[in-house]
Amino acid sequence: MRGCLVAALPCIAGALLAPTPRVTTTLRQSQAAPERFERADDAQRLAKRIETVLARRTSRLIVVLERLVDGHNYSAIFRTCEALGVQHVWVVAPPPGAARFESRSSLRRKAKAERARQYAANDANRRADDQPVRAGSRKDRRRRTAADAWTADDALDAEHAVHGRGAARFLSVRDFASHAEVIAAVRAVPRCELWCSDLGQDASVLADGAPWLRGPLPHRVALVFGTESTGVSNELLAACDRRGYVPQHGFADSLNVGVAAALATSHVLKLVGGGGDLLEATDWVPDAPDELRRKWAGVLCRDEAQLAAVRAAGGEVAVLDDLRRAPEFRGHTGRPTKLTRRAEFRKRRALES
């Protein structure tokens, strides 16, 4: 018996001394059993909310979006980053101006509506002796296609874009014109590695217990998500330090980039231990905490008196345990749902026909 124990000692010692994956949690102890919630009658409500969000922000993860074209994905990823505490979002070759938050379906509807207006103007300018558009002809089909633009979801798309722009107001968004610029910017960040999302068979699985997690992990990560059709470009894949993918268990070959970004971002945050380090960072501070306080206060406050009160409080307020809003601010808006709008649209079409 003693011989068996002696023989087993090296294995036991090796198991105890083996490196373990550095998987942390972004959930604070106070969040597990929260007591200090937001109150609607608290005069320092906004100041406390700002300080709580700032205390949970991280600079250890930079989300990089490369050549995305659908505004819905920009909006979804911006909201994900804001909700998970990721402060820095870098965008490579973004769409110009407001088109960043517009979906492709919305752009197609606008193009159809514009063509319909042009056809209507052309018809209005027809003379009485002009030959009418023959039913079933190519011109007639083009006019009917343009007139059949689905407009019932315009309000939904507009609301989605508003949420995306709203989240971006609280983030540090930086645009880059080329791959070379963003690669150079990542290399300039201290103790930061460039990781790319990729479906290749040599990519590392982003899952607890993966063998590669037993090795050393970087202090910071710049995580790249590529365009909807082809993914991350070859230039960034060649320059990256690691490729990662979200494990899948079905026949689908890939996930929507917004969904993949949410899953991968959440997992990498656990790996790098992000959450609450932005106030403590000294080696890389692109946005000073006081600058963020002033910026967020300007967005949240509704009048000058409220803005002055929040700025006067500075960082000298108690931090909340949980950011869930007070019940007074969570009432239903009464706006019709997507299904309701579609039902009303079909009813109008039936009456018109």
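Cut-off values and rules
Residues numbered from 1 in each chain as written. Predicted model: local features only at pLDDT ≥ 70, side-chain atom pairs only at ≥ 80, totals over all residues. Heavy atoms only, no water. Helix = DSSP H or I, 4+ residues; strand = E, 2+ residues; numbered from the N terminus. Expected span 1.5 Å × (residues − 1). Buried < 20%, exposed > 50% of the residue type's maximum accessible area, 1.4 Å probe, protein only. Polar contact = N/O pair within 3.5 Å; in protein donor to acceptor, adjacent residues only side chain to side chain. Contact = heavy atoms within 4.5 Å. Core = buried A, V, L, I, M, F, W, Y, C linked by side-chain atoms within 4.5 Å. pLDDT = per-residue confidence, 0-100. Axes fitted to C-alpha atoms, helices over the stretch in contact; angles between N-to-C directions. Parallel < 35°, antiparallel > 145°, perpendicular 65-115°, else oblique. Left-handed = near helix turned anticlockwise from the far one by under 90°. Nonpolar A, V, L, I, M, F, W, Y, C, P; charged D, E, K, R; others polar. Pairing = 2+ DSSP bridges. Salt bridge = Lys/Arg side-chain N within 4 Å of Asp/Glu carboxyl O. Phe/Tyr/Trp six-rings, centres within 6.5 Å; stacked < 30°, edge-to-face > 60°. Lys NZ or Arg CZ within 6 Å of the ring centre and 35° of its normal. Patch = residues over 30% accessible without salt bridge, like charges linked within 9 Å, V, L, I, M, F, W, Y side chains within 5 Å. Areas by Shrake-Rupley, 256 points an atom, 1.4 Å probe, with all protein chains shown as cover. Lys, Arg positive; Asp, Glu negative; His and termini not counted. Charge placed at Lys NZ, Arg CZ, Asp CG, Glu CD. Right-handed = clockwise from strand over helix to strand, strands pointing away. Arc of directions from axis to C-beta.

Asks: Before we go on, may I ask you to explain helix H3 (residues 45-56) in this structure?
Replies: Residues separated by three or four positions in an α-helix point in the same direction, a consequence of the helix having 3.6 residues per turn. Relative to the 16 Å expected for 12 residues at 1.5 Å per residue, H3 spans 17 Å between its end C-alpha atoms, a close match to the ideal helical length. All of the buried residues along H3 are Arg45, Leu46, Ala47, Lys48, Arg49, Ile50, Glu51, Thr52, Val53, Leu54, Ala55 and Arg56.

Asks: I would appreciate a short explanation of the side chain of arginine 220 in the present structure.
Replies: Mapped onto the fold, arginine 220 is located in strand S6 (residues 220-225). One polar contact links the side chain of arginine 220 to the main-chain carbonyl oxygen of proline 190, over a distance of 3.0 Å. For arginine 220, the contacting residues outside a window of four places in its chain are Ser59, Arg60, Val189, Pro190, Arg191, Cys192, Glu193, Ala281, Asp283 and Trp284.

Asks: Quick question: what am I supposed to make of the nonpolar core here?
Replies: The tendency in soluble globular proteins is for nonpolar side chains to be buried as a group. Leu65 and Phe78 are the most contacted members of the largest nonpolar core, which totals 31 residues. Elements that contribute at least two residues to this core include exactly strand S1 (58-66), helix H4 (71-84), strand S2 (86-92), helix H7 (154-168), S6 and helix H10 (257-272). With 7 residues, H10 is the single largest residue contributor to this core. Ile62, Val64, Val232 and Cys240 belong to the second-largest nonpolar core, a separate cluster that totals 20 residues.

Asks: Which parts of the structure should I look at to understand unusual backbone geometry?
Replies: Both trends apply: most residues other than glycine have a negative phi, and most peptide bonds are in trans. Phi at arginine 67 is positive, roughly 60°, even though this residue is not glycine. Position of arginine 67 relative to the elements: it lies in the loop between S1 and H4. For arginine 191, which is not glycine, the phi torsion reads 55° and is therefore positive. Position of arginine 191 relative to the elements: it lies in the loop between helix H8 (179-188) and strand S4 (192-197). Residue arginine 191 is classed as exposed on the basis of its relative accessible area, which comes to 53%.

Asks: In this structure, what is going on with the confidence of the model for the protein chain? I would like to understand it.
Replies: Looking at the protein chain as a whole, its pLDDT mean stands at 82, while 77% of the residues score no less than 70. Taken as a whole, residues 8-21 scores under 50 in pLDDT and shows 5 contacts with residues more than four places along the chain or in a different chain.

Asks: Explain the packing of helix H11 (residues 289-300) against helix H12 (residues 304-313) here, please?
Replies: Helix-helix packing is described using two parameters, namely the angle between the two axes and the distance between the axes. Axis separation between H11 and H12 bottoms out at 9 Å; the angle between their running directions is 155°. In terms of axis orientation, H11 runs roughly antiparallel to H12. With respect to the hand of their crossing, H11 and H12 are arranged in right-handed fashion. Here Arg294, Ala297, Gly298 and Leu300 of H11 come into contact with H12, specifically with Gln306, Leu307, Val310 and Arg311. Its residues assigned to classes, the contact of H11 with H12 comprises 4 nonpolar, 2 polar and 2 charged.

Asks: Mind showing me how you'd approach the sheet that holds S6 here?
Replies: Pairing is parallel across the open sheet formed by 7 strands, whose spatial order is S3-S2-S1-S6-S4-S7-S5. Lying at the two open borders of the sheet, with one neighbouring strand each, are strand S3 (172-176) and strand S5 (204-205).

Asks: How should I be thinking about the pattern of salt bridges in this particular structure?
Replies: Close approach of charged atoms allows side chains of opposite charge to pair. Overall, the coordinates contain 15 salt bridges when judged by the stated rule. Overlapping salt bridges, with partners in common, bring together Glu38, Arg45 and Arg49 in one network.

Asks: Just to check I follow, could you spell out the packing of aromatic side chains for this structure?
Replies: Where two aromatic rings form a pair, the distance of their centres and the angle of their planes describe that pair. For the structure on display, the rule yields 3 aromatic pairs. When the ring of tryptophan 195 is compared with that of tryptophan 212, the centres are 5.7 Å apart and the planes differ by 75°; the resulting orientation is edge-to-face. With tryptophan 195 in strand S4 and tryptophan 212 in the loop between S5 and S6, this residue pair connects regions lying 17 residues apart in the sequence. We note arginine 174 situated over the ring of tryptophan 90; from NZ or CZ to the ring centre the distance is 5.3 Å.

Asks: Help me understand a positive patch on the surface in this model?
Replies: The grouping of Arg134, Arg138, Lys139, Arg141 and Arg142 at the surface amounts to a positive patch. Relative to the assigned elements, lysine 139 resides in helix H6 (residues 138-147).

Asks: Looking at this structure, I do not really get the pairing of S2. What am I missing?
Replies: Each regular strand shows side chains that alternate between the opposite faces of the sheet. The buried count for S2 comes to 7 of 7 residues, which makes it a mostly enclosed element. Taking the sense of rotation as the criterion, the β-α-β connection linking S1, H4 and S2 turns out right-handed. Direction of pairing for S2 relative to S3: parallel, over a ladder of 5 bridges. Counterpart to histidine 88 in the pairing with S3 is serine 172.

Asks: Just to check I follow, could you spell out H8 for this structure?
Replies: By the burial criterion, the buried members of H8 are Val182, Ile183, Ala185 and Val186. Angular distribution of buried residues about the axis of H8 spans 160°; they occupy a single face of the element. Along H8, the residues that are exposed and aim more than 90 degrees away from the buried face are Ala180 and Ala188. Where H8 is buried, its residues touch S1, S2, S3, S4, S6 and helix H9 (234-239). N-capping of H8 is provided by serine 178, with a side-chain oxygen placed 3.3 Å from the backbone N of glutamate 181.

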